[in-house]
Amino acid sequence: MTLAIHGGTPVRQTPYPDWPQFGVEEENALLRSLHQGQWWRMQGRENLDFEQAFAQLHGGHSAFAVSNGTVALEIALQAAGIGPGDEVIVPAFTFISTSMACQRIGATAIAVDVLADTLCIDPAAVLACIGPRTRAIIAVHMAGHLCDMHSLARIADQHRLVIIQDAAHAHGARGLGDTGIGEYGSLACFSFQNFKLMTAGEGGLVLCPNEELREKVFLYGNVGRPLGDRSYQHTVVGTNARLSEFSAAVLSAQLGRLEQQTRVRQHNARLLGETLVRQGLVTPQVRTADAHTHPYYMFLFTLDDLPGQPPLDRNQVVDCLVAEGIPAFRAYQALYRIPSYWQAPAPTRQNLEQCIAACPVSERMAQRGIWIHHRALLGTEQDTLDIAAAIAKVHQHLVGAQ
Ligand SMILES: *Cc1c(COP(=O)(O)O)cnc(C)c1O
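Residues numbered from 1 in each chain as written. Predicted model: local features only at pLDDT ≥ 70, side-chain atom pairs only at ≥ 80, totals over all residues. Heavy atoms only, no water.

**Observations concerning the overall build of the chain**
Link 1 in the chain: Looking only at helices and strands, the chain features 12 helices and 13 strands.
Link 2 in the chain: Relative to its length of 402 residues, the chain is compact, with a C-alpha radius of gyration of 22 Å against a globular reference of 21 Å.
Link 3 in the chain: With the C-alpha coordinates of the chain rotated into their principal frame, the extents come out at 70 × 55 × 35 Å.
Link 4 in the chain: Evaluated residue by residue, the chain yields a buried proportion of 56% over its 402 residues.
Link 5 in the chain: Residue pairs in contact within the chain that sit at least 24 positions apart in sequence constitute 71% of those at least 6 positions apart.
Link 6 in the chain: Across the chain, the centroid of the 30 positively charged side chains sits 3 Å from that of the 37 negatively charged ones. (Helix = DSSP H or I, 4+ residues; strand = E, 2+ residues; numbered from the N terminus. Rg over C-alpha atoms; globule rule 2.2 N^0.38 Å. Buried < 20%, exposed > 50% of the residue type's maximum accessible area, 1.4 Å probe, protein only. Contact = heavy atoms within 4.5 Å. Lys, Arg positive; Asp, Glu negative; His and termini not counted. Charge placed at Lys NZ, Arg CZ, Asp CG, Glu CD.)

Written as structure tokens, this is what we have:
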């Protein structure tokens, strides 16, 4: 069988389920918010209701919905007291917003490596990287797999650091012992961008562990203005990060789909993982006990080495998989290889060569990592097995062509 990229028949004859998914619930939500007559949170109920339901599902005290996940991180950092001159330790393998949010508020992001199995931030690397100006750690729950929160908490306690969770991939995720993201005592930031596990096209949310932090998050996201103020008293330099009522209404409907979709994705991801391990061509992200519930924003894997042969060209593999009908993408570039990472405020106690030497897993992911979008895990078992079939087909052709 010829590769689809060369004109052959694709493995997938029918497309995977569309994303985003919506129905009468989202339609009703939009009409409900429209008929409120007032379309911002100050006079509506949609943001409040959504925040309450989201916080409850995640075991959090409360939440503040915002316009996107990047600004959620900026506000969370500010509410936690992080600012100019402070250093924040982040994983090198993540989306740029994790580090850019630090820079936007005047802090410096310091990238460290991730664990080879879970691809989440390596607590030992965090410990080794703490300096006199280190104030915080951002724990990115990669692809929906929770970080080793116990080790991170121990380090944070010992060195008086703040933890911020970047949960942009982790809607509905639960950690060791069935712990909700809101139960870890730290601020957690979510994104509702079009690709994410719940979406209103754009959107974000900061999950708060207590009333004090909720008030600070609200202040920074509401141009520094306390709730109920009528005399233009802006007590801190904030921004306007408020989310419209239309978006919040859609998100309430999306939240109603999350648990069922997560069950389907977990079932199919297990099947796909077992199949791929048997096939022996790629190595999937390892799921440990820290991922009690893994919502699989991504199905993430690396191409294995070929004994006695040069490695396959990852970008070519992704292009071939896309032609076969698989929603495949290149994994993130390591942060320190991205130009904006070195713009002010830039790390001064790291340079590119040191980062490369210190981050072999992030390097490998950037060169060999591939991820499949979660919509491909929302089909049947046969739909899921087609992903493995496409990987085997592409692998066989490209190895044969070398
Ligand atoms: C998507 C994402 C963000 C940012 O969210 P936006 O809503 O796109 O601003 C932050 N961190 C990670 C890890 C992400 O994947």
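**Some details on the domain arrangement of the chain**
Link 1 in the chain: According to the domain assignment, the chain consists of domain 1 (24-254) and domain 2 (258-400).
Link 2 in the chain: Using C-alpha coordinates to define each centre, domain 1 is positioned 25 Å away from domain 2.
Link 3 in the chain: In this complex, domain 1 contributes 52 residues to the contact, which on the side of domain 2 involves 46 residues.
Link 4 in the chain: Each partner contributes to the roughly 3,900 Å² buried at the junction of domain 1 and domain 2, and carbon and sulfur atoms together form 62% of this total.
Link 5 in the chain: A salt bridge links Arg349 to Glu87, with the shortest nitrogen-to-oxygen separation between them at 2.6 Å.
Link 6 in the chain: At the level of secondary structure, the elements contributing two or more residues to the side of domain 1 that touches domain 2 comprise β2 (87-91), α4 (97-104), β3 (108-112) and β6 (174-175).
Link 7 in the chain: Examining the composition of the side of domain 1 that touches domain 2, we find that five residues originate from one element, β3, more than from any other. (Domains from an automatic or database assignment. Buried area = accessible area lost by both parts, 1.4 Å probe. Salt bridge = Lys/Arg side-chain N within 4 Å of Asp/Glu carboxyl O.)

**Quick look at helix α1 (residues 24-35)**
Link 1 in the chain: Its 12 residues give α1 an end-to-end C-alpha distance of 16 Å, which sits within 8% of 16 Å, the value for a rise of 1.5 Å per residue.
Link 2 in the chain: Within α1 the residues assigned to the buried category are Glu26, Ala29 and Ser33. Buried residues of α1, seen end-on, are gathered within an arc of 60 degrees and therefore sit on one face of the element. For α1, the exposed residues lying more than 90 degrees away from the buried face are Val24 and His35.
Link 3 in the chain: As for α1, its buried residues are in contact with α2 (46-57) and α8 (245-279).
Link 4 in the chain: Downstream of α1 by one or two residues, Gly37 has phi in the positive range, about 85 degrees. (Expected span 1.5 Å × (residues − 1). Arc of directions from axis to C-beta.)

**Remarks on the site of the ligand**
Link 1 in the chain: Close to the ligand lie 14 residues, the nearest being Gly69, Thr70, His169, Ser191 and Lys196.
Link 2 in the chain: Here an oxygen atom of the ligand sits 3.5 Å away from a polar atom, N or O, in the side chain of Tyr332.
Link 3 in the chain: When grouped by side-chain class, the residues that make up the shell around the ligand number three nonpolar, nine polar and two charged. (Near = heavy atom within 4 Å. Polar contact = N/O pair within 3.5 Å; in protein donor to acceptor, adjacent residues only side chain to side chain. Nonpolar A, V, L, I, M, F, W, Y, C, P; charged D, E, K, R; others polar.)

**Regarding the packing of aromatic side chains**
Here the distance between the centres and the angle between the planes together describe a pair of aromatic rings.
Link 1 in the chain: Across all of its chains, the model carries 15 aromatic pairs by this definition.
Link 2 in the chain: Taken together, the ring pairs in this structure connect Phe50, Phe54, Phe190 and Phe192 into an aromatic cluster.
Link 3 in the chain: Seen from the ring of Tyr16, Arg12 lies directly overhead, with NZ or CZ sitting 4.1 Å from the centre.
Link 4 in the chain: The ring of Tyr232 carries Arg225 above its face, with NZ or CZ at 4.5 Å from the centroid. (Phe/Tyr/Trp six-rings, centres within 6.5 Å; stacked < 30°, edge-to-face > 60°. Lys NZ or Arg CZ within 6 Å of the ring centre and 35° of its normal.)

**Details of unusual backbone geometry**
Link 1 in the chain: The peptide bond linking Trp19 to Pro20 adopts the cis configuration, its omega dihedral lying at 0 degrees.
Link 2 in the chain: Within the fold, Pro20 resides in the segment before α1.
Link 3 in the chain: The omega torsion across Ala344 and Pro345 is -10 degrees, close enough to zero to call that bond cis.
Link 4 in the chain: If you check the backbone angles, Leu119 has positive phi at about 65 degrees while not being a glycine.
Link 5 in the chain: Position of Leu119 among the secondary structure elements: in the loop between β3 and α5 (123-129).
Link 6 in the chain: The phi angle at Val223 is positive, at roughly 45 degrees, despite the residue not being glycine.
Link 7 in the chain: Structurally, the position occupied by Val223 is in the loop between α7 (211-221) and α8.
Link 8 in the chain: According to the relative accessible area criterion, Val223 is partly exposed, its value standing at 32%.

**Here we look at α8**
In an α-helix, one turn spans 3.6 residues, which is why side chains three or four residues apart end up on the same side.
Link 1 in the chain: Here α8 is 35 residues long and its end C-alpha atoms lie 48 Å apart, about the 51 Å a rise of 1.5 Å per residue gives.
Link 2 in the chain: The axis of α8 is deflected most strongly, by about 35 degrees, at Leu258.
Link 3 in the chain: Where α8 begins, the side chain of Ser244 points an oxygen toward the backbone nitrogen of Phe246, at a separation of 3.2 Å.
Link 4 in the chain: Within two residues after α8, Gly280 carries a phi angle of roughly 75 degrees, on the positive side. (Bend = angle between axes of the 7 residues up to and from the residue.)

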